[in-house]
Amino acid sequence: MATAACALETVARTLACRDGVAAAQLKVTSIFVIFVTSVIGILCPVLLARLFQGKPAYDKATLLIKCFAAGVILSTSLVHVLPDAFAALSDCQVASLHPWRDFPFAGLVTLIGALVALLVDVTATSHAGMHGDGDAAEYKPVGTKGEMVVVETETKKLVESRIEMGELGGAEGVTLEEDLVRMKQRLVSQVLEIGIIFHSVIIGVTLGMSQNQCTIRPLVAALAFHQIFEGMGLGGCIAQARFSFGTTAYMCFMFAVTTPMGIVLGMILFSATGYDDSSTNALIMEGLLGSFSSGILIYMALVDLIALDFFHNKMMNSISWLKKASFIALVLGSTSMSILAIWA
């Protein structure tokens, strides 16, 4: 009896909150609010990096921002995206059906997402290494001292020619190894944005299809902070990769508009089809896309951000206080994003 009464009370509360007109007004407001907060979040680290580039503390500040970013992204994947994906696929509407009740598909698709990220990472790195100019071999000691001088001269010419073509930033003293590191950083930023875009589309469409104003109101406030922290995370990676102005602007724009576009798409889908965001098909799609993007984000955070800096960064390993500060930045990033899970 108590369970039935509780269920009836929940249904009554939900019906009282379902107001299409009020929900539409909130969603239109949310489009502008989330766009503005997304722009603020992603532009802060990018503009700061361009402002302080070349100054003594630039590299240390960029590293700290990147560690904060890694914490934000890891928390996003483990505290926000993955639990939502498991919840969607374990909903009674889905869990009662075959084959969803027979196997933990959320975990499987997360694994697939991580493996796909690894495959892209390895393939792109190998391609960069071979094209890199097909000259990894030119760094190996060969024959006589005269031959080594010839190789060093040819390598220097190659790097200088790539600087002239605009493929490198043109920094003095740049080496082929630094070029490959930069390529790796750019790949990380691009794959990371793909994973975040998956997540943002899901959030936007879900919000756009919802007609529950009681759910939308706190969700908009939480998403505003969510986009600021997630934008800072992605922006930190973009800043370190030092893309050209056009590429940086494009990546920032795509991050800023993805969630608002998702909201608009959700509104269009609902008005055109009356599609219920709590239907079985919607829950399955949300669970699968969420799991896949979670796998990508977990891999990128742990392998390409945290492990790369904490174990292979020469500057961090040579300055003891910087490693401690970086760990604190990592914890602060993960903590700030985890706290938001209370609301969204």
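Keep in mind it's a predicted model, so treat the numbers as computed, not measured.

Draft legend 1. Main features of the overall build of the chain. Across its full length, the chain carries twelve helices and zero strands. Scored against the burial criterion, the 344 residues of the chain give a buried share of 41%. Put simply, 84% of the contacts in the chain that link residues at least 6 apart link residues at least 24 apart. Within the structure as shown, the chain displays about 17,800 Å² of accessible surface, and the carbon and sulfur contribution to it stands at 71%.

Draft legend 2. Region of interest: helix α9 (residues 245-273). When the terminal C-alpha atoms of α9 are compared, their 41 Å separation across 29 residues agrees well with the 42 Å that a helix rising 1.5 Å per residue should span. Every buried residue of α9 is accounted for by T248, M251, C252, F255, A256, V257, T258, T259, P260, G262, I263 and G266.

Draft legend 3. Geometry of the pattern of salt bridges. Per the stated rule, a full pass over the model turns up one salt bridge. Notably, a salt bridge pairs K66 with D309, separated by 3.4 Å at the nearest N-O pair. Within this pair, whereas K66 is found in helix α3 (residues 58-89), its partner D309 is found in helix α10 (residues 280-312), the two being separated by 243 residues in sequence. With respect to burial, K66 and D309 carry one shared label: buried.

Draft legend 4. Structural detail: the side chain of S200. As for its position among the elements, S200 is in helix α7 (residues 176-209). Excluding residues within four positions of it along the chain, S200 makes contact with Q227, E230, T258 and T259.

Draft legend 5. Seen up close, the packing of aromatic side chains. Following the criterion strictly, the structure yields two aromatic pairs and no others. Judged by centre distance (5.5 Å) and plane angle (65°), the ring pair of F103 and F105 falls under edge-to-face. The exposure class assigned to F105 is partly exposed, which follows from its relative accessible area of 21%. Members of the aromatic cluster, connected to one another through ring pairs, are W100, F103 and F105.

Draft legend 6. Expanded view of the packing of α3 against helix α12 (residues 320-339). One way to put it is that α3 packs onto α12 with a least axis distance of 7 Å and a crossing angle of 35°. For the element pair α3 and α12, the recorded crossing hand is right-handed. The segment α3 lies against α12, with K60, L63, L64, C67, F68, A70, G71, V72, S75, T76, V79 and H80 engaging W321, L322, A325, S326, A329, L330, L332, G333, S334, S336, M337 and S338.

Draft legend 7. Representation of the nonpolar core. Core analysis: the biggest nonpolar cluster contains 40 residues, and L192, L234, I238, M300 and L305 have the highest contact counts within it. At the level of elements, α2 (20-52), α3, α7, α8 (213-241), α9, α10 and α12 are the ones that each hand at least two residues to this core. Aside from chain neighbours lying at most four places away, what touches L234 is I42, S189, L192, E193, I196 and F255.

Draft legend 8. The arrangement of a nonpolar patch on the surface in detail. Judged by side-chain polarity, F103, L108, L111, I112, L115, V116, L118, V120 and V122 come together as a nonpolar surface patch covering roughly 690 Å² of accessible area. We classify V120 as partly exposed; its relative accessible area is 35%.

Draft legend 9. Structural detail: the packing of α3 against α10. Interaxial distance between α3 and α10 falls to 8 Å at its minimum, and their mutual angle equals 155°. Classified by the angle between their axes, α3 and α10 sit roughly antiparallel to one another. Both α3 and α10 take part in a crossing whose hand is left-handed. Its residues assigned to classes, the contact of α3 with α10 comprises 22 nonpolar, seven polar and four charged.

Draft legend 10. Quick look at the UniProt feature "transmembrane region" (unreviewed entry) in the chain. Mapped onto this numbering, the UniProt entry annotates "transmembrane region" (unreviewed entry) at residues 31-51, 63-83, 103-120, 191-210, 216-238, 250-272, 292-313 and 325-343. In residues 191-210, the share of helix is 95% and the share of strand is 0%. The end C-alpha atoms are 29 Å apart. Helix and strand shares over residues 250-272 are 100% and 0% respectively, and the end C-alpha atoms of the span are 31 Å apart.

Draft legend 11. Region of the structure containing the environment of M315. Turning to its location among the elements, M315 is positioned in helix α11 (residues 314-318). Ignoring any residue separated from it by four or fewer positions in sequence, one finds M315 in contact with D59, K60, L63 and L322.

Draft legend 12. Layout of the confidence of the model for the chain. Averaged over every residue, the pLDDT of the chain is 75; residues scoring 70 or more account for 76%. Per-residue pLDDT, averaged within each element of the chain, yields its smallest value for helix α6 (residues 145-164) (45) and its largest for α12 (89). The low-confidence segment residues 1-10, where pLDDT is below 50, has zero contacts with residues more than four positions distant or belonging to other chains. Confidence drops under a pLDDT of 50 for residues 132-173, and excluding neighbours within four residues, the segment shows 39 contacts in the predicted structure.

Draft legend 13. A look at the environment of E230. Along the chain, E230 turns up in helix α8. Separated by 158 residues in the primary sequence, E230 and V72 have C-alpha atoms spaced 6.3 Å apart. Ignoring any residue separated from it by four or fewer positions in sequence, one finds E230 in contact with V72, T76, I196, H199, S200 and F255.

Rules used in this analysis
Residues numbered from 1 in each chain as written. Predicted model: local features only at pLDDT ≥ 70, side-chain atom pairs only at ≥ 80, totals over all residues. Heavy atoms only, no water. Helix = DSSP H or I, 4+ residues; strand = E, 2+ residues; numbered from the N terminus. Buried < 20%, exposed > 50% of the residue type's maximum accessible area, 1.4 Å probe, protein only. Contact = heavy atoms within 4.5 Å. Areas by Shrake-Rupley, 256 points an atom, 1.4 Å probe, with all protein chains shown as cover. Expected span 1.5 Å × (residues − 1). Salt bridge = Lys/Arg side-chain N within 4 Å of Asp/Glu carboxyl O. Phe/Tyr/Trp six-rings, centres within 6.5 Å; stacked < 30°, edge-to-face > 60°. Axes fitted to C-alpha atoms, helices over the stretch in contact; angles between N-to-C directions. Left-handed = near helix turned anticlockwise from the far one by under 90°. Core = buried A, V, L, I, M, F, W, Y, C linked by side-chain atoms within 4.5 Å. Patch = residues over 30% accessible without salt bridge, like charges linked within 9 Å, V, L, I, M, F, W, Y side chains within 5 Å. Parallel < 35°, antiparallel > 145°, perpendicular 65-115°, else oblique. Nonpolar A, V, L, I, M, F, W, Y, C, P; charged D, E, K, R; others polar. UniProt positions renumbered as here; feature names shortened; annotations may be inferred. pLDDT = per-residue confidence, 0-100.

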